[in-house]
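Chain by chain, the residues:
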Amino acid sequence: MHLATYLGLLHHAEHTLAEAFRRVGDGHAAEPDVFHLCEVLARQCDRHTDALVPVVERHDERRETEPERLLTAGLGETRSGGVGLLRDLQDLYTLASFVDITWTVVGQAGQGLADRELLDVVGTCERETAVQLRWLRTRIKQAAPQALIAAR
Amino acid sequence: MDEADRISDIWGARTPHARDESWPVRVDMHLDGDVGEADVDRWVQSACVLCSNGCACDIAVKDGRMVGVRGRAQDTVNHGRLGPKGLYGSWQWSRSDRLTRPLVRENGELVKSDWDTAMGRIVERSRALLDDVGPLSHGFYTSGQLFLEEYYTLAVIGKAGIGTPHMDGNTRLCTATAAAAMKESFGSDGQPGSYTDIESCDAIFLFGHNMAETQTVLWARVLDRVHGADPPRVVAVDPRTTPVAEAAVATGGVHLAPMPGTNMALMNALVREVIHRGWADRDYVYAHTLGFDELAATVEPYTPEVAAKICRVPASDVRRAAEIFGTSPRVLSTVLQGFYQSHQATAAACQVNNLHLLRGMIGRPGCGILQMNGQPTAQNTRECGADGDLPGFRNWDDAEHIDQLARLWNVDPLTIPHWAPPTHAMQLWRYAEQGSIRLLWISATNPAVSMPELARIRAILAREDLFVVVQDGFLTETAQYADVVLPAAMWGEKQGTFTNVNRTVHLSDRAVDPPGEARSDLDIFLDYARRMDLRDRDGAPLIAWTDPEGAFAAWRECTRGRLCDYTGLSYEKLRGGSGIPWPCNDEHPEGTDRLYADGVFPTDPGVCESYGHDLLTGGSLDERTYRALDVRGRALLKGSPYTAAPEAPDDEYPFAVISGRTAYQFHTRTKTGRSRQLRRAAPEPWVELSVADAARLGVAEGDVLCVESPRGSVQAPARIGRGRDGVVFVPFHYGYWDTPAGRAPGDDPHAANELTLTEWDPVSKQPLFKVAAARVVRVADGTGPAAAPTTTASAPARPGAVAGTVGGPGAATQERVGESAPPPAPPTPEHTPGVPRHEATDRS
């Protein structure tokens with residue numbers, strides 16, 4: 001069964017996203033809202049990772065060989081300035097979108113297995129990931145005109 | 001007729017009364033020196049602008065000068081009363097060191113100039129930047145103290161003329177959370193309650209609101225209930241032992257003193273208790289709200305014990321406060337800076353709305369919510385769109401709302417920036433710091449003292465590539481950084497209208513001429529529009545009006561059919577009687593006392609001012625998601641988990657430092673610091689700490705302390721006061737204009753905002769003035785007690801340890817009780833004008 005593979009993939013992706021939030025927050029600490037909210041959301045990703053642990057362990061004994069190339073790559077160094085912030089937020093958006101759709105994929109399997117514990121975890125984490133995307137979209141929309149038109 | 005010293009007796013003589021009786025009239029009057037009432041040449045109608053209460057008054061004019069004030073008995077807001085700031089601070093500044101000529105910077109120095117030169121420089125820079133960069137190079141930072149006509153004119157210039165989204169007011173620092181919380185819960189800004197709710201409530205909750213100092217006349221109104229028959233129980237949430245907290249103890253209520261930054265844990269526990277103990281009105285919740293299940297799930301972990309641990313208050317007090325809220329027949333709540341300027345501001349203020357919605361306590365006498373304002377005309381900054389809002393409570397994300405404005409102004413809708421909410425002040429300053437905003441026009445506010453993290457603000461103001469225009473009545477700390485200073489006429493020297501906390505609109509007439517070449521803020525904005533040749537899409541002048549009354553007429557059209565409907569108001573109607581609360585239209589010509597009597601709210605898409613936000617992150621909902629909620633005029637119950645504040649005390653910085661106000665000063669003291677009586681009452685800053693903390697640090701009353709945060713430091717004498725352990729209080733009024741250094745600390749740093757951090761609430765974007773960590777060091781012996789007032793929250797812990805604050809002979813104020821009958825309360829329409837009708841959702 002490949003669900004274990006995907007649970008591992010999701011666990012890894014949430015961890016990567018948490019790291020990416022922290023990296024972008026630290027890299028743009030002069031933007032206090034970005035700094036602070038990235039930390040809040042990184043902690044949220046940490047909790048998602050923790051919530052997955054019992055489910056991962058339960059399914060782990062039926063694990064297939066994990067193809068490495070399924071894993072997501074993390075963020076490199078953050079960029080600087082208004083355009084740099086914009087681009088880094090877009091990277092976060094891409095990662096968070098991947099996490100979001102992966103929750104959907106895992107949730108579908110949970111439905112197929114009638115795994116209530118997994119579905120509860122999916123419900124909460126999927127809702128919170130949607131909020132992360134909403135915040136990123138809001139912040140990107142706000143930052144774009146100034147960065148692209150007026151920034152030096 | 002009695003004489004009172006309204007410095008020592010802040011709230012004046014009691015006129016107690018029982019529940020559901022009218023508040024008696026007491027006319028307060030203070031005149032300069034030996035001027036008698038009969039000596040006054042003219043009385044000119046106005047209302048006080050030294051807090052948000054909006055007390056109606058008449059200005060005494062003698063020999064062409066303002067010589068005092070008298071409360072207006074017939075006004076529903078104050079029934080004749082005035083507070084110390086209004087009595088002593090309203091007019092004395094007018095004959096002091098005013099700006100009388102424009103100033104321009106030459107070889108690094110500000111020199112006297114003339115209007116053509118000054119405006120010419122602004123227009124030259126403005127045009128060059130528009131050609132070179134475009135509208136995003138322009139930022140406007142305005143006030144909560146101009147008149148409606150001025151804000152609306154500025155909003156049209158910025159949004160339809162220049163086309164910049166970068167416009168905000170200092171209202172961002174004082175009242176943004178009030179507006180944000182009402183938008184999230186009710187779909188729109190607009191105060192649900194009324195001051196008349198004080199007369200009929202059974203309990204009054206003050207959340208982070210030291211009303212006794214910030215709105216002294218409103219507190220006098222509460223005291224008259226507290227001292228009468230069937231007094232309401234008072235519940236105070238404040239880390240200091242304020243007069244409000246004392247009233248809480250005296251009335252059998254509760255004083256909760258949570259650690260700064262933990263309000264959300266407390267509020268979640270109160271909401272949870274109301275739900276768990278079965279005090280929610282299930283029928284009201286079902287018919288008039290959305291989101292109950294999610295809210296109940298969000299607050300579930302917050303037992304009184306959990307909150308008690310986070311907030312460091314007794315769990316039994318949390319239970320007791322919830323019980324008072326849950327079992328009192330009629331509850332009035334007020335909210336101010338203890339919530340608005342703290343961590344999770346909007347989320348916490350929304351929980352106050354939630355408590356009322358859960359109990360169905362809204363729109364009925366005594367069941368009010370007052371999401372307060374800090375400044376007299378903050379409501380107008382918000383409704384006129386001179387801050388991060390659009391005029392008439394319109395929604396930036398609603399294309400039809402933008403079209404309405406484009407039609408009204410006859411401009412291309414694409415001229416009006418609406419790709420995101422208008423830029424909030426904190427971001428606006430950040431863009432200036434990064435050099436993408438290159439012209440910053442500051443009107444009637446003093447950010448070099450009032451913004452957080454002053455060292456950073458001074459550095460931004462001093463940037464070579466930032467062209468700073470300051471428009472003010474005085475050479476403030478901020479004006480001393482300007483490239484061009486424009487001398488502005490002030491209150492009593494110009495005409496206009498403004499709106500207070502409970503939506504009451506007052507006319508303020510011109511009593512005297514402005515000094516020298518000073519001009520009204522309206523005339524300055526109109527002059528800029530004319531010189532910039534701002535035109536509509538047909539080539540006609542964009543701004544067609546030339547005077548206050550013309551601006552008011554244009555504004556009236558902008559509000560037609562909206563919640564803040566002014567179409568039933570005119571200067572003529574506002575002259576002579578009482579102020580009138582909006583909405584006021586042909587159908588409701590006497591205005592509206594309370595909103596939402598039928599539990600129908602302006603939440604419909606197409607009407608609402610915002611599609612709302614996630615309270616944890618501030619992420620905005622889009623139109624489609626919002627429409628899918630199918631709100632149908634119901635209010636929204638929104639929640640959020642508690643999160644730790646971005647800065648908390650640690651080993652290096654073991655204290656939580658909060659900034660705040662005193663009853664005798666307003667803002668950065670530009671007016672109140674020029675009143676003899678007020679200046680004597682609260683002459684200089686102090687650092688307030690608890691008895692136990694003082695003992696531990698070996699500090700005696702009056703010793704000089706240095707409070708140091710990661711951003712800066714403040715030095716001032718110690719007041720051993722009555723706050724909670726671990727919390728230090730510093731008043732925020734004191735800057736540098738009356739010190740040798742002039743605009744910056746020099747070797748005497750004492751502005752509270754040297755300490756504060758640059759961080760804001762994710763929804764309202766209001767800065768966090770009440771969550772900084774600091775250490776306290778004793779630096780020198782004192783020369784006597786701190787000069788902190790003894791009459792208020794800053795009273796010494798040991799009564800009598802310090803000589804009492806008095807006004808003396810120059811402070812004599814006449815109080816005349818009961819000479820006329822109280823004015824009748826305005827009507828409350830069954831259905832709120834400007835809100836689409838809905839049948840209540842049927843449970844079956």
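As recorded by an unreviewed UniProt entry, chain B carries the name Molybdopterin oxidoreductase and is attributed to Pseudonocardia hydrocarbonoxydans. According to UniProt, the comment filed for chain B under the heading Sequence similarities (unreviewed entry) is "Belongs to the prokaryotic molybdopterin-containing oxidoreductase family. NasA/NapA/NarB subfamily."

Labelled according to an unreviewed UniProt entry, chain A appears under the name DUF892 domain-containing protein, originating from Pseudonocardia hydrocarbonoxydans.

S.K.: Mind showing me how you'd approach the overall build of chain A here?
M.R.: In terms of helices and strands, chain A carries four helices and zero strands. Viewed in the frame of its principal axes, chain A has a C-alpha envelope of about 55 × 25 × 20 Å. Classification of the 152 residues of chain A by burial places 48% in the buried group. In chain A, of all internal contacts separated by at least 6 residues, the share reaching a separation of at least 24 is 81%. Each charge sign in chain A was given a centre, from 17 positive and 23 negative side chains, and these centres are 7 Å apart.

S.K.: Sorry, what's going on with the interface of chain A and chain B here?
M.R.: In many analyses, interface size is given as the accessible surface area lost on bringing the parts together. Counting residues at the interface gives 23 residues for chain A, matched by 29 residues for chain B. Surface buried jointly by chain A and chain B totals about 2,300 Å² across both partners, of which 55% is contributed by carbon and sulfur atoms. Area buried by chain A at its contact with chain B is led by R134(A), Q146(A) and R152(A), which between them contribute 26% of it. Taken together, chain A and chain B are joined by two salt bridges. Here D465(B) and R152(A) are joined by a salt bridge, their closest N and O atoms 2.8 Å apart. There are eleven residue pairs in polar contact (both at pLDDT 80 or more) connecting chain A and chain B. Within the residue set of the side of chain A that touches chain B, elements represented by two or more residues are helix 2 (32-60) and helix 4 (116-150) of chain A. Here the side of chain A that touches chain B gets twelve residues from one element, more than from any other, and that element is helix 4 of chain A. Across the side of chain A that touches chain B, the residue classes tally to twelve nonpolar, five polar and six charged.

S.K.: Looking at this model, I keep getting lost on the sheet that holds strand 9 (residues 167-169) of chain B. Mind explaining?
M.R.: Working definition: the strands of a sheet are paired by backbone hydrogen bonds and lie parallel or antiparallel to each other. Residue and element names in this part refer to chain B. Strand order across the open sheet formed by seven strands is 7-6-18-17-16-8-9, with mixed pairing between neighbours. At either end of the open sheet lies a strand with only one pairing partner, and these are strand 7 (109-112) and strand 9. Recorded for the sheet is a direction-independent mean angle of 20° between the axes of neighbouring strands. Pairing of strand 17 (residues 467-472) with strand 18 (residues 484-487) involves four bridges; the strand directions are parallel. Within strand 18, the residue paired with Q471 across the bridge is L486. Along the sheet, helix 2 (residues 115-132) contacts strand 6 (103-106), strand 8 (138-142), strand 16 (439-443), strand 17 and strand 18; its crossing angle with strand 18, the most-contacted strand, is approximately 130°. Sitting on the sheet, helix 22 (residues 521-531) is in contact with strand 8, strand 16, strand 17 and strand 18, with an inclination near 155° to strand 16.

S.K.: Whenever I open this one, the pattern of salt bridges confuses me. Can you help?
M.R.: Any two side chains of opposite charge can pair, on the condition that their charged atoms come close. Throughout the structure, instances matching the rule amount to 69 salt bridges over all chains. Ionic pairing is found between R58(A) and E117(A), a salt bridge with its closest N-O pair at 2.6 Å. Of the two residues, R58(A) sits in helix 2 while E117(A) sits in helix 4, which places them 59 residues apart along the sequence. One salt bridge connects D693(B) with R696(B), and the closest N-O pair in it is separated by 3.0 Å.

S.K.: What should I look at first to understand the UniProt feature "domain: 4Fe-4S Mo/W bis-MGD-type" (unreviewed entry) in chain B in this one?
M.R.: UniProt's entry tags residues 41-97 of chain B with the feature "domain: 4Fe-4S Mo/W bis-MGD-type" (unreviewed entry), counted in the numbering of this structure. Helix makes up 11% of residues 41-97 of chain B and strand 35%, and the two end C-alpha atoms of the span are 25 Å apart.

S.K.: When you look at the packing of aromatic side chains in this model, what are you seeing that I'm missing?
M.R.: Geometry of an aromatic ring pair is reported as the spacing of the ring centres plus the angle between the planes. All names here are of chain B. Evaluated as defined, the whole model comprises 19 aromatic pairs over all chains. Taking 6.2 Å as the distance between ring centres and 75° as the angle between the ring planes, the aromatic pair formed by F552 and Y566 counts as edge-to-face. Of this pair, F552 sits in helix 23 (residues 548-559) while Y566 sits in the loop between helix 23 and helix 24 (571-574); the two residues are 14 residues apart in sequence, bridging distant segments of the chain. Side by side, F552 and Y566 carry an identical accessibility label, which is buried. Their ring planes at 40° and their centres at 5.4 Å tell us that Y611 and Y626 sit as a pair that is tilted. One end of the pair, Y611, is in the loop between strand 21 (580-581) and helix 25 (623-628); the other, Y626, is in helix 25, with 15 residues separating them in the sequence. Each of the two residues, Y611 as well as Y626, counts as buried. Ring pairing ties together the aromatic residues Y152, W545, F552, W555, Y566 and Y571, which thus form one cluster.

S.K.: It is not clear to me how the side chain of H79(B) should be interpreted in this structure. Could you clarify?
M.R.: All names here are of chain B. Relative to the assigned elements, H79 resides in the loop between strand 5 (65-71) and helix 1 (84-89). Note on H79: relative accessible area 4%, which makes it buried. At a separation of 2.7 Å, a polar atom in the side chain of H79 contacts the main-chain carbonyl oxygen of W23. Filtering out sequence-adjacent residues up to four positions away, H79 remains in contact with W23, P24, V25, R26, R72, A73, R221, P822 and P823.

What counts as what
- Residues numbered from 1 in each chain as written.
- Chains lettered and ligands numbered in written order.
- Predicted model: local features only at pLDDT ≥ 70, side-chain atom pairs only at ≥ 80, totals over all residues.
- Heavy atoms only, no water.
- UniProt positions renumbered as here; feature names shortened; annotations may be inferred.
- Helix = DSSP H or I, 4+ residues; strand = E, 2+ residues; numbered from the N terminus.
- Buried < 20%, exposed > 50% of the residue type's maximum accessible area, 1.4 Å probe, protein only.
- Contact = heavy atoms within 4.5 Å.
- Lys, Arg positive; Asp, Glu negative; His and termini not counted.
- Charge placed at Lys NZ, Arg CZ, Asp CG, Glu CD.
- Buried area = accessible area lost by both parts, 1.4 Å probe.
- Salt bridge = Lys/Arg side-chain N within 4 Å of Asp/Glu carboxyl O.
- Polar contact = N/O pair within 3.5 Å; in protein donor to acceptor, adjacent residues only side chain to side chain.
- Nonpolar A, V, L, I, M, F, W, Y, C, P; charged D, E, K, R; others polar.
- Pairing = 2+ DSSP bridges.
- Axes fitted to C-alpha atoms, helices over the stretch in contact; angles between N-to-C directions.
- Phe/Tyr/Trp six-rings, centres within 6.5 Å; stacked < 30°, edge-to-face > 60°.

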